Amino acid sequence: MNAPVRLPGQRNDSADQLVAALQKLVVPAGTVNWQSARPWASITFSGVLHRLTIECDAASVEQLASVLPQAELTIARYFLADL
């Protein structure tokens, strides 16, 4: 079964799951906003590069900056390579 064809920049299932997983980490300090996506590939993998923004209050920036790089996010049927 082939995956649905999507135009560059169009949101898909992986985007919805990524936003939901990140939102759990940033609540109540902020909000995750999906911006765009584009195809990405290496010799071994192919996938999507998502662009997101996180809006939060100034007091939460340091905390989020320390938590996000080590975050373990589960995205069903997808492999999260880097955050």
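Up top is the structure.
Before going into details, it helps to say that this report is about the structure given with it. None of the values given here were measured: they were computed from a predicted structure.

For helix α1 (residues 13-26), built from 14 residues, the straight-helix expectation of 20 Å at 1.5 Å per residue is met to within 8% by its first-to-last C-alpha distance of 20 Å. For α1, the full list of buried residues reads Ser14, Ala15, Gln17, Leu18, Val19, Ala21, Leu22 and Val26. In the core, the buried residues of α1 are packed alongside β1 (30-41), β2 (46-56) and α2 (61-67).

If you trace the backbone, His50 turns up in strand β2. A residue is classified by how much of its surface remains accessible, and His50, at 19% relative accessible area, is buried. A polar contact is formed between the side chain of His50 and the side chain of Trp34, at a distance of 3.2 Å.

Another point: the layout of surface pockets. Quantified by volume, the largest pocket comes out at close to 720 Å³. Lining of the largest pocket is provided by 22 residues; of these, Val48, His50, Phe79, Leu80 and Ala81 occupy positions nearest its centre. Take the lining of the largest pocket: its biggest share by element is eight residues, from β2.

Cut-offs applied
- Once a new chain begins, its residue numbering starts again from 1 and follows that chain's sequence as written.
- In keeping with the model being predicted, local features are shown solely for residues with a pLDDT of at least 70 and side-chain atom pairs are shown and tallied solely at 80 or more, while totals for entire chains, interfaces and linings include all residues.
- Hydrogens and water are ignored here; the side-chain numbers use all heavy atoms of the structure.
- For the purposes of this entry, the term helix denotes a DSSP run of H or I that reaches at least four residues, the term strand denotes a run of E that reaches at least two, and both are numbered from the N terminus.
- Each helix should span, by expectation, one fewer than its residue count multiplied by 1.5 Å.
- The cut-offs for exposure are 20% and 50% of the maximum accessible area for each residue type, with area from a 1.4 Å probe on protein chains only; residues under the lower value are buried, those over the upper are exposed, and the others partly exposed.
- What makes two residues a contact is simply this: any of their non-hydrogen atoms within 4.5 Å.
- Each polar contact in these results corresponds to two N or O atoms within 3.5 Å; when the atoms are within protein, one needs to be able to donate a hydrogen and the other to accept it, and residues that are neighboring in sequence are counted only if both atoms are side-chain atoms.
- Points on a 1 Å grid, built from protein atoms alone, make a cavity when a 1.4 Å probe fits but cannot get out and make a pocket when they are open with protein on both sides within 12 Å along at least 5 of 7 lines; residues with an atom within 4 Å of a point are the lining residues.
- Grid points are joined across faces, edges and corners, and a volume is the space filled by probe spheres set on the points.

Read these as spatial facts, not as claims about activity.
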